[in-house]
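Residues per chain are reported as follows:
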Amino acid sequence: MTTRRLVLTRSAAIVGAASTGLLLPQIARAQSGKVRVGLMLPYTGTYAQLGVAIENGVRMAIDEKGGKLGGREIEWFKVDDESEPSKGVENANKLVQRDKVDVLIGTVHSGVQMGIQKVARESGVLSLIPNAGVHAATRALCAPNVFRTSFTNSQPTLALGKPMVDRGHKKAVWITWKYAAGDDALEGFKESYTKAGGTIIKELGLPFPNVEFQALLTEIASLKPDAVACFFAGAGAAKFIRDYAAAGLKGRIPLYGSGFLTEGVLEAAGPAAEGIITTLHYSDSLDTPRNKQFRLAYAKTFRLQPDVYAVQGYDTGQLLVQGATVVKGNLNNKQALYKALESAVIDSPRGKWTMSKSHNPIQDMYLRVVEKGENKVIGIAAKALADSGAGCKMA
Ligand code: PHB
């Protein structure tokens, strides 16, 4: 009798806990519920188009594999981060604490990424970075649950210095938005340009996302460098390209950049963009069946031409599908999941790539020139380039 009562009481307690939600969510979600996928991206401001391209890419990759993750349906959650670093932690927590996402995909802006990184490290949520190249995320602040599918900000510019010097440009001015992305990009440029024998005669900057370039362009004209190198992206990049030409610098002082300068902006920039040489891990004109098939499918689905951001979103979706498939949809099986993500080979429109030990792509950098409104490949500027991952110690 005593025993029986005890058993009854215990099972009643378990049912009680389950029905009040104390036990059930963990158990049910691990096996059969929907996978909760959070997108934290800019949908307003100078990087708005980048956010849209990334989301399109993520959805396309998942839809191509049947629209599920390891057999489970998906519930989507979205937050517009406005590329606003001061709201980074708060916005990441909307997805992690409030919406209880299983995976957080985001973001574009390096400053905002630092907020996500903090939340990811504290909560242990799976964090996939589809753009922001801030060094710290896969260097000193790297983490087992954080994977980047894009680049570090110095990867493109590590490939930029030599082609500039090879073209006879030994004195350059550097110009950028002054925030983590521009500072990191300068680190790579400084290393590659000085190693090749070039000298940076002046570093210019303005706060993100300002587009009042006039005074700085006047300064460039008076400095008379052999060339200008820069980091800008999104709508601000299109304006920089147009203003550079309008200031009379185009044709007189060649303009180079981290390839984001000419991604997704060629229509808006118009003829002012022709002839700009950049380095990046993707190019529209990559002549491979994989890239052609991707471009055709993307254009058909979204009535838009894809760019590097769409590719990065697509690869994020591919990586997630691969990982979820290995663990059969149980994203709580973290050891197996991380192992799968670490060893993934991504068959990307940019070319095949793998993860470095610090969870950042090892990838080729292409030399490109804008020709007839398209980024045309003119060479490989760096083969299988990895970020240093300096200071990364996985816990
Ligand atoms: C960044 O903030 O890390 C960033 C933003 C836009 C880009 C590239 C990097 O195109």
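Rules behind the numbers
Residues numbered from 1 in each chain as written. Predicted model: local features only at pLDDT ≥ 70, side-chain atom pairs only at ≥ 80, totals over all residues. Heavy atoms only, no water. Salt bridge = Lys/Arg side-chain N within 4 Å of Asp/Glu carboxyl O. Buried < 20%, exposed > 50% of the residue type's maximum accessible area, 1.4 Å probe, protein only. Domains from an automatic or database assignment. Contact = heavy atoms within 4.5 Å. Buried area = accessible area lost by both parts, 1.4 Å probe. Polar contact = N/O pair within 3.5 Å; in protein donor to acceptor, adjacent residues only side chain to side chain. Helix = DSSP H or I, 4+ residues; strand = E, 2+ residues; numbered from the N terminus. Pairing = 2+ DSSP bridges. Right-handed = clockwise from strand over helix to strand, strands pointing away.

A closer look at the pattern of salt bridges
Under the definition given, this model contains 20 salt bridges. The shortest N-O distance in the salt bridge between Arg98 and Asp99 comes to 2.9 Å. We classify Asp99 as buried; its relative accessible area is 10%. One salt bridge connects Arg290 with Asp347, and the closest N-O pair in it is separated by 3.5 Å.

What about the domain arrangement of the chain?
Taken domain by domain, the chain comprises domain 1 (33–151 + 287–361) and domain 2 (155–280). If you look at the interface, domain 1 gives 19 residues, while domain 2 gives 18 residues. Between domain 1 and domain 2, the buried area comes to about 1400 Å², and carbon and sulfur atoms account for 56% of it. Considering only the surface of domain 1 that becomes buried against domain 2, Thr46, Tyr47 and His135 emerge as the three largest contributors, covering 36% of it. Our count for the domain 1 to domain 2 interface comes out at 1 salt bridge. Run the count over domain 1 and domain 2 and you get 8 residue pairs in polar contact (both at pLDDT 80 or more). Here the element with the most residues in the side of domain 1 that touches domain 2 is helix 13 (residues 308–326); it accounts for 3 residues.

Section: the pairing of strand 6 (residues 171–177)
With 6 of 7 residues buried, strand 6 lies mostly within the body of the structure. With 7 bridges joining them, strand 6 and strand 7 (residues 199–206) adopt parallel strand pairing. Looking across to strand 7, one finds that Trp174 is bridged to Glu203. This β-α-β element, strand 6 to helix 8 (residues 180–195) to strand 7, shows right-handed connectivity.

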